[in-house]
Amino acid sequence: MPETLIRAENLSFSYALEGSESISAIKELSLEVAVGEYLAVVGHNGSGKSTLAKCLCGLLVPTSGSVSVAGLDTRQPSNLVAIRAQVGMVFQNPDNQFVSTVVEEEVAFGAENLGVPLPELRERVDAALQATGLLELRDAKVHTLSAGQKTRLAIADVLVMQPRGIILDESTAMLDPINRLALLSLLRDLHQRGLAIILVTHYMHEALDAQRILVLKDGRQALAGTPREVFAHEPELQALSLELPLVTQLALAFGRRGWDIGLPLNVDELLAAMGEARRA
Amino acid sequence: MPEAVCISRLAHTYMADSPLAQVALQDASLTLPSGKISALVGENGAGKSTLLHFINGLLLPRSLGVVQVLGQDLAAADLDLGMLRQRVGLVMQYPQQQLFERFVGDDIAYGPRQLGLTGDVLRERVYGVMRVVGLDPEAFSNRHTFSLSGGEMRRAAIAGVLATQPELLILDEVTTGLDPLGRQQMHTLLRQLAVGGTTVLIVSNDMDEVLALASHVVVLNRGRSVFEGSCQALFNRDDLAAWGLVPPAVIAMRDTLRAAGTPLDDMIDSLDDLEEALWQAWRA
């Protein structure tokens, strides 16, 4: 039984509007994220993805139900500093979260606030810059970085806290294709090194790296499972306006033409499946 | 008039003559055909957004380059910027930057109100564009603008620009943050607008979207225009990576399958084509 990093129990969250109005964004959702797990959260616009992401790291506190991070309840204000050190978040537009003008100072900011002593702080900053490929840009001005570099800087900001998990809210959205692939590859590296990854995305093909996909609909869990388990629910996914990866779409198209080759998830699996089906 | 936009040898440096000077455009030229969907692509930092700002007069050509938009020379002494911006609608990359009214309906009505629309005509215009972008007028008109989700804000921003019925519509990363259904709805909308005579320019990092929509593509790289032509001419090149581009997913997959020995020709550029070709190669 893997150790649990984040546990949400009957989590509900509503945004209060003026007067007595409110909008219910997350409804009675229960979820466990294990230490070192790679989870993708997908869903349509307004399905509650960003709200869930903010609840899971304690930026938003449940309206009812509970969220705990490493056993620390996010409703308890005195836990927040410790929670932030466990799980960090990267927003869609990283410009919204930078506080310093120079890359290295920006990375140092979080750990410095925790009172990390200088020699260790230096090591942590170096390690975070190294992991995100920003070592050479350590003296650069933050505003001169490209969008891809800014996203990596936001990740470095989180890594310097030496967290056990990182949550990314549509972090690939603003990136060009090459930076998008580079970011996914960085996330695979971080996962390999034991970090739990929670990736919020619209794109099923970006969710392929995840061990588990959670599909949200109107603030509730619609589907959950491994990519293969989730992709097997094609009609439900279509109804939720979610697109399967191209390879999977092709395989399903062949199935409709009476040629069943299973559910390959990448081109290699597709070729193998077609080869096998032809031999059979 | 066959060309909606004609830009020649344009250059721009932000905060020129200061220590913070940053070169955004060095030598950009392009021509956008009227009544068609064109795409502007290039890696982050290539100068795409800067170029867009020239097309609706947020930036004006000073010394280097010529910008002509809808027959108007933007360096002309008698340039009427108000009139230009009425004819050129710009949807910015971050929709939050262009929403400001407290209620969604008012925000969308702002443009047409400036054009003098009132009463039923105004309401019809606002409700019409809300339906077009997939925001139900009954449910959303009286919603607080900043209580919307990211995708809903984007739709509201687009509706606000459409409400002034621009002749040239520019959209900077318009489907970023929209779910697949939202993207498809937006694609349908842009095609309909083009059929109706609107010239559309999209900036996109999503090459699948460019392939699906654009009949004309311009590539910017480090402030220079390095390619102008059709999707097919662009995406069958083998040096896309030098410009920070990758081919659309379906073409990348075609090329991977081809490299693995399945005969697939360059004309294949959709999932249907690929399905048929693979079926022929493996089943027939």
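Residues numbered from 1 in each chain as written. Chains lettered and ligands numbered in written order. Predicted model: local features only at pLDDT ≥ 70, side-chain atom pairs only at ≥ 80, totals over all residues. Heavy atoms only, no water.

Let us now look at the side chain of B:T145. All names here are of chain B. Tracing the backbone through its elements, the reader meets T145 in the loop between α5 (137–140) and α6 (150–162). Taking relative accessible area as the criterion, T145 reaches 1% and is therefore assigned buried. A distance of 2.6 Å separates a polar side-chain atom of T145 from the backbone oxygen of E101. Polar side-chain contacts of T145 include one of 3.4 Å to the backbone nitrogen of V104. In contact with T145, other than residues within four places in its own chain, are L99, E101, R102, F103, V104, D107 and M153. (Helix = DSSP H or I, 4+ residues; strand = E, 2+ residues; numbered from the N terminus. Buried < 20%, exposed > 50% of the residue type's maximum accessible area, 1.4 Å probe, protein only. Polar contact = N/O pair within 3.5 Å; in protein donor to acceptor, adjacent residues only side chain to side chain. Contact = heavy atoms within 4.5 Å.)

It is worth spelling out the nonpolar core at this point. Counting 72 residues, the largest nonpolar core has A:I261, A:M274, B:V210, B:F235, B:L257 and B:L274 as the members making the most contacts within it. For this core, the element with the most residues is α6(B), which contributes seven residues. The contact partners of A:I261, leaving out residues within four places of it in the chain, are A:A251, A:F254, A:L270, A:A273, A:M274 and A:A277. (Core = buried A, V, L, I, M, F, W, Y, C linked by side-chain atoms within 4.5 Å.)

This paragraph deals with the interface of chain A and chain B. Taken together, the contact between chain A and chain B spans 41 residues of the former and 44 residues of the latter. Summed over both partners, the interface of chain A with chain B buries about 3800 Å², with 64% contributed by carbon and sulfur atoms. Applying the counting criterion to the chain A and chain B interface returns two salt bridges. Salt-bridge contacts for A:R257 lead to B:E276; the nearest nitrogen and oxygen are separated by 3.1 Å. At the surface where chain A touches chain B, the tally comes to five residue pairs in polar contact (both at pLDDT 80 or more). Where the side of chain A that touches chain B is concerned, the elements lending two or more residues are α5 (147–159), α6 (177–192), α9 (246–256) and α10 (267–279) of chain A. Considered class by class, the residues forming the side of chain A that touches chain B number 21 nonpolar, 13 polar and seven charged. (Buried area = accessible area lost by both parts, 1.4 Å probe. Salt bridge = Lys/Arg side-chain N within 4 Å of Asp/Glu carboxyl O. Nonpolar A, V, L, I, M, F, W, Y, C, P; charged D, E, K, R; others polar.)

A word on the confidence of the model for chain A. With 100% of its residues at a pLDDT of at least 70, chain A reaches an overall mean of 91. When mean pLDDT is taken per element in chain A, strand β4 (residues 64–69) of chain A scores highest with 97 and α10(A) scores lowest with 89. (pLDDT = per-residue confidence, 0-100.)

Take the pairing of strand β3 (residues 37–41) of chain B next. Residues in a regular strand point their side chains to alternate faces of the sheet. All names here are of chain B. Burial within β3 is extensive, with five of its five residues counted as buried. Here β3 shows a buried face lined by I37, A39 and V41 and a second buried face lined by S38 and L40. The pairing of β3 with strand β9 (residues 216–221) spans four bridges and is classified as parallel. The residue of β9 that forms the bridge with V41 is V219. (Pairing = 2+ DSSP bridges.)

All names here are of chain B. Over its 15 residues, helix α4 (residues 119–133) extends 22 Å from the first C-alpha to the last, a length consistent with the 21 Å expected when each residue adds 1.5 Å. Restricting attention to buried positions, one finds in α4 the residues L122, R125, V126, V129, M130 and V133. The arc that holds the buried residues of α4, viewed along the axis, is 125°, so those residues lie on one side. Turned more than 90 degrees away from the buried face of α4 sit D120, V121, E124 and R131, all of them exposed. Summarising the contacts, the buried residues of α4 are in contact with α3 (104–114), α5, α6 and α7 (180–195). Just downstream of α4 lies G134, where phi reads positive at about 85°. (Expected span 1.5 Å × (residues − 1). Arc of directions from axis to C-beta.)

Attention shifts here to the environment of A:F254. Following the sequence through the fold, A:F254 ends up in helix α9. In this structure A:F254 comes out as buried when scored by relative accessible area, which is 0%. Each C-alpha atom of the pair A:F254 and A:M274 lies 9.8 Å from the other, and the pair is 20 residues apart in sequence. Excluding its chain neighbours within four sequence positions, the residues that come into contact with A:F254 are A:W259, A:I261, A:M274, B:E275, B:L278 and B:W279.

For the rest of this paragraph, the subject is the packing of α6(B) against α7(B). Residue and element names in this part refer to chain B. Running from amino to carboxyl end, α6 crosses α7 at an angle of 10°, the nearest separation of the two axes being 13 Å. In terms of axis orientation, α6 runs roughly parallel to α7. Contacts between α6 and α7 involve R155, I158 and L162 from the former and G182, Q185, M186, L189 and L193 from the latter. Counted by class, the contact of α6 with α7 contains five nonpolar, two polar and one charged residues. (Axes fitted to C-alpha atoms, helices over the stretch in contact; angles between N-to-C directions. Parallel < 35°, antiparallel > 145°, perpendicular 65-115°, else oblique.)

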